[in-house]
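# Observations on chain architecture
Spelled out, the chains give:
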Amino acid sequence: MGTGPLLLTTLEPLVVALREDGYRVVGPTVRDGTVGLDELESADELPYGWGVDVEPGGYRLRRRADGAAFAHAASPRSWKSYLHPPRRPLWTARRDEPGGPVAREPEEEASRLALLGVRACDLRAIAVLDRVLTVPGGRYARRREQIFVVAVNCTEPAATCFCAATGSGPAARAGFDLALTELTGPDGLRYLAEAGSERGAGLLARLPGTPAGEAARTEARAAVTAAAGRMGRGLPEGDLRDLLVGARTAARWDDVGRRCLTCGNCTMVCPTCFCTSVEDSTDLTGGTARREERWDSCFDVDFSYLHGGPARASAPSRYRQWLSHKLGTWHDQFGESGCVGCGRCIVWCPAGIDITEEMHALAEEVHALAAEEVAS
Ligand code: SF4
Ligand code: SF4
């Protein structure tokens, strides 16, 4: 990687270069009252001058005076939608095929995709999906090979972010081809661009920037360090897996279960939740059968259906399952936490349930019970 960091004054050449290389560029843009993700034809479609105010169960756009493009919270739609689509056909079969029905896999659309503006929490989430979903030669692996990642070091955490507590951010450390740090200030918007791979270095070498001096690098590091210090949320100290084992019979599960609507929003917006179901259907004539994979949620009562009924029939049991897996048993399965601290589940929960608040409440209850046991 011969190209050193560059200072860019515009992102348009980056978008143009990616499109010239055959990538569809997907990045943040203002859509339907949110900063969502969509295909971009020009860097002008980035959400320059938009920030957001978020809280448990609340999201609102607001204007920013500094014109920044990446100073907004994690979008409601995560990059998961592009790597692991919400719905995908597995096969179709026609009754009138000569020789009888044959299940045929759909043709895959060959598509190079550039993800522009991936925050550190979401880089970690992509690494989680890679670990879980990659089968050599499989569809996920083939799709993943076509993806170019432009990360953005986070300089503006939202009120619901806690990536510093999960060790995911706010600095992008690995898993990207290029990383940008957005610098605002009297000199206007500038972007420190650094390569993270050979192909990233190749692309960086084609961009019209100036070599970034020590002053720009120091400014970028300071902005990211300050972001870590501004995160207002965190998780309890200590081993969360042990804490959740100890909290198995906690009264807090009933408390949160009374508030939880079991709508599954938290699992849909979570960038690491990967569960799917398979659905079979036929057309009205019965001439064509189709099998599809679609996202599923452990909050759905049928998710745990065994012979005779669901294993987790109540809201408290389903919330406990989700939280205990995400922050506890995920370690046993995959050697790390399933939560990257993006805060999406807090913002998009219609009941305003906050995973960090629930964890602190559980910790308090477990510690109080332990203290009572010692005293008795
Ligand atoms: S925690 Fe919130 S978002 Fe998740 S299922 Fe319950 S009500 Fe829905
Ligand atoms: S559990 Fe919530 S905060 Fe953690 S990664 Fe999922 S959506 Fe983000």
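Reading guide: rules and limits
Residues numbered from 1 in each chain as written. Chains lettered and ligands numbered in written order. Predicted model: local features only at pLDDT ≥ 70, side-chain atom pairs only at ≥ 80, totals over all residues. Helix = DSSP H or I, 4+ residues; strand = E, 2+ residues; numbered from the N terminus. Buried ≥ 20, exposed ≤ 12 C-beta atoms within 10 Å, placed from the backbone. Contact = placed C-beta atoms within 7 Å. Near = placed C-beta within 6 Å. Nonpolar A, V, L, I, M, F, W, Y, C, P; charged D, E, K, R; others polar. Pairing = 2+ DSSP bridges. Axes fitted to C-alpha atoms, helices over the stretch in contact; angles between N-to-C directions. Domains from an automatic or database assignment. Parallel < 35°, antiparallel > 145°, perpendicular 65-115°, else oblique. Expected span 1.5 Å × (residues − 1). Arc of directions from axis to C-beta. Core = buried A, V, L, I, M, F, W, Y, C linked by C-beta atoms within 7 Å.

### Some remarks on the overall build of the chain
Regarding its fold elements, the chain presents 13 helices and 15 strands. Its C-alpha atoms give the chain principal-axis dimensions of about 75 × 65 × 35 Å. Residues classed as buried in the chain amount to 40% of the 376 residues present. Considering only contacts in the chain between residues 6 or more positions apart, those separated by 24 or more positions represent 71%.

### So, the site of ligand 2
The environment of ligand 2 is made up of 13 residues, and the closest members are Cys270, Cys339, Cys342, Arg344 and Cys345. The residue makeup of the shell around ligand 2, split by class, is 8 nonpolar, 3 polar and 2 charged.

### A closer look at the sheet that holds strand S10 (residues 190–195)
Pairing is mixed in the open sheet, where 8 strands are placed in the order S3-S2-S7-S8-S9-S10-S1-S11. Single-partner strands in this sheet number two, and they are strand S3 (34–40) and strand S11 (210–211). Here strand S7 (residues 112–118) runs beside strand S8 (residues 147–153); their pairing, made up of 5 bridges, is parallel. Bridge pairing in S8 places Ala114 opposite Phe148. Taken strand by strand, helix H7 (residues 214–229) contacts strand S1 (6–8), S8, strand S9 (178–183) and S10, and its axis lies near 85 degrees from that of S9.

### Things to note about the domain arrangement of the chain
The figure often quoted for interface size is the accessible area lost as the parts come together. According to the domain assignment, the chain consists of domain 1 (6–229) and domain 2 (240–375). If you average the C-alpha positions of domain 1 and of domain 2, the two centres end up 26 Å apart. In this assembly, 39 residues from domain 1 lie in contact with 32 residues from domain 2. Those elements that place two or more of their residues in the side of domain 1 that touches domain 2 are strand S6 (87–94), helix H3 (120–133) and helix H5 (163–166). In terms of residue count, H3 provides more of the side of domain 1 that touches domain 2 than any other element does, 9 residues in total.

### Details of the pairing of S8
Counting buried positions along S8 gives 6 out of 7 residues, so the element sits mostly inside the fold. With 4 bridges joining them, S8 and S9 adopt parallel strand pairing. When the bridges of S9 are listed, Val150 appears paired with Leu178.

### Quick notes on the packing of helix H9 (residues 252–259) against helix H11 (residues 315–334)
In the contact formed by H9 and H11, the axes pass within 8 Å of each other and the chain directions differ by 105 degrees. As judged from the angle between their axes, H9 and H11 are roughly perpendicular. Contacts between H9 and H11 involve Trp253, Asp254, Val256 and Gly257 on the former and, on the latter, Ala315, Pro316, Tyr319 and Arg320. Counted by class, the contact of H9 with H11 contains 5 nonpolar, 1 polar and 2 charged residues.

### Overview of the environment of Glu336
In this structure, Glu336 sits in the loop between H11 and helix H12 (344–347). On the basis of neighbour counts, which here come to 16 C-beta atoms within 10 Å, the residue Glu336 falls in the partly exposed class. Each C-alpha atom, one on Glu336 and one on Lys326, is 9.7 Å from the other, the two residues being 10 residues apart in sequence.

### Some remarks on H7
Helix length check: H7, at 16 residues, gives a terminal C-alpha distance of 23 Å against a target of 22 Å (1.5 Å per residue), a fit within 8%. Those residues of H7 not exposed but buried are Ala216, Ala220, Ala223 and Ala227. Projected down its long axis, H7 carries its buried residues within an arc of 60 degrees, all on one side. In H7, the exposed positions that point more than 90 degrees away from the buried face belong to Glu214, Ala215, Thr218, Ala222, Thr225 and Gly229. On its buried face, H7 sits against S1, S8, S9 and S10.

### Here's the deal with the nonpolar core
Ala114, Leu115, Val118, Val150, Ala151, Phe176 and Leu178 are the most contacted members of the largest nonpolar core, which has 96 residues in total. The biggest single contributor to this core is H3, with 7 residues. Setting aside its immediate chain neighbours within four residues, Leu178 contacts Val150, Ala193, Ala195, Gly196, Gly200, Leu203 and Leu204.

### Side note on the sheet that holds strand S12 (residues 276–282)
The antiparallel open sheet is built from 3 strands, whose spatial order is S6-S13-S12. Here the strands that pair on one side only, and so sit at the sheet edges, are S6 and S12. Across the sheet, the axes of successive neighbouring strands diverge by a mean angle of 15 degrees, strand direction being ignored. With 7 bridges joining them, S12 and strand S13 (residues 288–295) adopt antiparallel strand pairing. Bridge pairing links Asp280 to Arg291 in S13.

### A closer look at helix H13 (residues 355–375)
Between its first and last C-alpha, H13 extends 30 Å over 21 residues, near the 30 Å set by a 1.5 Å rise per residue. Three or more residues of H13 are buried, namely Ile355, Thr356, Glu358, Met359, Leu362, Ala363 and Val366. Angularly, the buried residues of H13 cover 160 degrees about the axis, an arc narrow enough to put them on a single face. More than 90 degrees from the buried face of H13, the exposed residues found are Ala368, Ala371, Glu372 and Ala375. At its buried positions, H13 is contacted by helix H8 (240–246), H9, H11 and H12.

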